[in-house]
Amino acid sequence: MQTKKIIFPSNLHAHTFYCDGKNNPEDYILTAIEKGFTSVGLSGHSFTKFDTEYCMSEKGTLEYLKELKNLKEKYKDRIQVYIGIEADFYSGFNPKLDDNLGLDFRIGSVHYIKDKEKEEYYCVDNTPEILEYGIKNYANGDEKAFIEAYFDNIVEMVHTQKPDIIGHLDLVKKFNKDFKYFDESAEWYKNKVEYVLDEIAKSEAIIEINTGGMSRGWTQTPYPSFFILERILAKNIPITISSDAHETKNIDFYFDESLEIIRKIGFKSIKILKDGKFQDFNI
Ligand SMILES: [Zn+2]
Ligand SMILES: [Zn+2]
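Counting of residues starts from 1 at the beginning of each chain's written sequence and follows it residue by residue. Both sets of labels track the order of writing: A upward for chains, 1 upward for ligands. This being a predicted model, a pLDDT of at least 70 is required before a residue's local features are given, and a value of 80 or more before pairs of side-chain atoms are given or counted; all residues contribute to the totals for chains, interfaces and linings. Side-chain calculation: all heavy atoms of the structure are included, whereas hydrogens and water are not.

Novice: Residue-level account of the packing of helix H8 (residues 226–234) against helix H9 (residues 255–265), with values.
Specialist: What describes two packed helices is the angle between their axes and the distance between those same axes. Angles shown run from 0 to 180 degrees and are taken between the N-to-C directions of axes, each axis being a line fitted to C-alpha atoms and, for helices, limited to the stretch in contact. By definition, any uninterrupted DSSP run of H or I lasting at least four residues is a helix, any uninterrupted run of E lasting at least two residues is a strand, and each is numbered from the N terminus. Interhelical geometry of H8 versus H9 gives an angle of 55° and a closest axis separation of 10 Å. The orientation of H8 relative to H9 falls into the category oblique. You can see that H8 and H9 cross each other, and the crossing is right-handed. Contact residues: H8 offers Phe226, Leu229, Glu230 and Leu233, while H9 offers Ile261, Ile262 and Ile265. Residues are grouped as follows: Ala, Val, Leu, Ile, Met, Phe, Trp, Tyr, Cys and Pro are nonpolar; Asp, Glu, Lys and Arg are charged; all remaining types, including Gly, are polar. In terms of residue class, the contact of H8 with H9 is made up of six nonpolar, no polar and one charged. Should an angle fall under 35 degrees it is called roughly parallel, over 145 degrees roughly antiparallel, and 65 to 115 degrees roughly perpendicular, with every other angle called oblique. Note on convention: the crossing is left-handed when the near helix lies turned anticlockwise from the far helix by less than a right angle, right-handed when the turn is clockwise. Two residues form a contact once any of their heavy atoms are found within 4.5 Å.

Novice: Residues and numbers for the packing of aromatic side chains, please.
Specialist: For any pair of aromatic rings, geometry is given as the distance between the ring centres together with the angle between the planes. Note on aromatic contacts: the rings of Phe and Tyr and the six-membered ring of Trp form a pair at centre separations within 6.5 Å, being stacked when their planes are under 30 degrees apart, edge-to-face when over 60 apart, and tilted otherwise. This model, assessed by the stated rule, comprises 21 aromatic pairs. When the ring of Tyr54 is compared with that of Tyr112, the centres are 6.3 Å apart and the planes differ by 55°; the resulting orientation is tilted. Linking Tyr54 in the loop between strand S2 (39–45) and helix H2 (58–74) with Tyr112 in strand S5 (residues 112–115), this pair joins segments that are 58 residues apart in sequence. Across the pair, exposure class does not vary: Tyr54 and Tyr112 are buried alike. When the ring of Tyr122 is compared with that of Tyr133, the centres are 5.8 Å apart and the planes differ by 70°; the resulting orientation is edge-to-face. Within this pair, whereas Tyr122 is found in strand S6 (residues 120–123), its partner Tyr133 is found in helix H4 (residues 128–137), the two being separated by 11 residues in sequence. For Tyr133, a relative accessible area of 40% gives the class partly exposed. Each residue in the set Phe50, Tyr54, Phe89, Tyr90, Tyr112 and Tyr121 is aromatic and connected to the rest through ring pairs, giving one cluster. Only protein chains enter the area calculation, which uses a 1.4 Å probe; residues under 20% of their type maximum are buried, those over 50% are exposed, and those in between are partly exposed.

Novice: Mind laying out H8, listing which residues take part and the relevant values?
Specialist: All of the buried residues in H8 are Ile228, Leu229 and Ile232. With its buried residues spanning 105° around the axis, H8 presents them on a single face. Packed against the buried residues of H8 are helix H6 (187–201), strand S8 (206–210), strand S9 (239–242) and H9. Positive phi shows up at Asn236, right after H8, with a value of about 60°. The reported arc concerns the directions from the helix axis to the C-beta atoms and nothing else.

Novice: Tell me about the coordination of the zinc ion (ligand 2), residues and numbers included.
Specialist: The donor definition counts N, O and S atoms within 2.8 Å of each metal and applies 3.2 Å to Na, K and Ca; water is not among these atoms, so some sites may look incomplete. Taken together, the protein ligands of the zinc ion (ligand 2) are His13 (NE2), His15 (NE2), Glu86 (OE) and Asp244 (OD), with distances of 2.1 to 2.3 Å. Donor angles set the geometry label: tetrahedral for four donors if every angle is between 85 and 135 degrees, square planar for four and octahedral for six if opposite donors exceed 155 degrees and the others are between 65 and 115, irregular for anything else. Coordination geometry of the zinc ion (ligand 2): the four donor atoms subtend angles of 81 to 168° at the metal centre, consistent with an arrangement described as irregular. Sequence positions of the donors to the zinc ion (ligand 2) reduce to the motif H-x1-H-x70-E-x157-D. Between the two metals, the zinc ion (ligand 2) and the zinc ion (ligand 1), the spacing is 3.4 Å, and Glu86 donates to both. Remark: Glu86 occurs in strand S3 (residues 80–88) and His15 occurs in the loop between strand S1 (10–11) and helix H1 (25–34); sequence separation between them is 71 residues.

Novice: Go over the layout of surface pockets with me, naming the residues and quoting the values.
Specialist: Lining residues are those with an atom within 4 Å of a point, where the points come from a 1 Å grid over the protein atoms alone and group into cavities, where a 1.4 Å probe fits but cannot get out, or pockets, open sets with protein on both sides within 12 Å along at least five of seven lines. Grid points are joined across faces, edges and corners, and a volume is the space filled by probe spheres set on the points. Of the voids in this model, the largest pocket is the one considered here, and its volume is about 520 Å³. Lining the largest pocket we find 29 residues, and of these Asp51, Tyr54, Cys123, Asp125 and Asn126 sit closest to its centre. Of all the secondary structure elements, the ones that give two or more residues to the lining of the largest pocket are S6, H4 and helix H7 (212–215). In terms of residue count, the dominant contributor to the lining of the largest pocket is S6 (four residues).

Novice: So what about the coordination of the zinc ion (ligand 1)? Which residues, and what values?
Specialist: Note on the zinc ion (ligand 1): its protein donors are Glu86 (OE), His111 (NE2) and His168 (NE2). The metal-donor distances range over 2.1 to 2.2 Å. Coordination of the zinc ion (ligand 1) draws on donor residues from a single chain, spaced E-x24-H-x56-H in sequence. On the accessibility criterion, His168 (2% relative accessible area) is buried.

Novice: Describe the sheet that holds S2, with residues and values.
Specialist: Whether two strands pair comes down to DSSP finding at least two bridges between them. The seven strands are arranged S1-S2-S3-S4-S7-S8-S9 in an open sheet whose pairing can be described as parallel. Each edge of the open sheet carries a strand with a single partner, namely S1 and S9. Both S8 and S9 contribute to a ladder of four bridges, which runs parallel. Each bridged residue has a counterpart across the sheet, and for Ile209 the counterpart in S9 is Ile241. Strand contacts of H9: S1, S8 and S9, with the helix running at about 155° to S9, the strand carrying the most contacts.

Novice: Give a detailed account of the pairing of S3, specifying residues and quantitative values.
Specialist: When you tally the buried positions in S3, you get eight out of nine residues, the bulk of the element. Where S2 meets S3, seven bridges bridge the pair, whose relative direction is parallel. Within S3, the position partnered with His45 by the bridge is Glu86. Viewed along the sheet, the connection from S2 through H2 into S3 turns out right-handed. Sheet topology places S3 next to strand S4 (residues 105–109); five bridges connect them, and they run parallel. We call a crossover right-handed when, viewed with both strands directed away from the observer, the connection leading from the first strand over the helix to the second proceeds clockwise.

Now the structure itself:
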């Protein structure tokens, strides 16, 4: 039987030169129009005062929001443009401010684990060396405690910040090729993931299938891992697909393959932001 090829016509996770991306917001919009997308969103990294290298500055955030508002208006007859942010768990982002900032959606992401004793933030996705430094220094080198702290941050984020989308759920595996740092099939790891998913299932949050680790050559499969996707389906948690693009050419990187993967797992629909709300997109 010939099945019709389905294209997912949207991406909400993309970074511009306002943070660590290579293109400007308008380039993404034009790329999305070329691809025939229904909607497109931008999601600049929220300001983190303890690490300013990759994120938008406080002033830059306001300029970014202003530019997106103008572009949304300029292209309204050609594509639905949505204004978003990738809010780091430690940004101190106040969800009540979303309306004032004019945000249409928020991706909540954990990129750090804070060492409360040393007042230090350990980044999990910058370089393997920085990850190793964090694992060595957190809780006297207890890597299980480090990984669990990452997932505890996700749970706290879901409870307190209520993001629309949870970014790269298992980002902590980014440098874990061949299970270098921890065994994803270990009972404690699977139990921790199960607990996180149970908490997410009680919320309204959508989990993204994120292909950004792949487009940048770090992972062989999207976030989250296949066994996690199976548990997400079992718990009926909504998902979407996003590329976490840092340049326009990756706007729909590995989307077709990701659709294939999740259809095989058994998903029947994913969420698309359309006409101002998250809706089911049948796959
Ligand atoms: Zn991120
Ligand atoms: Zn991102």
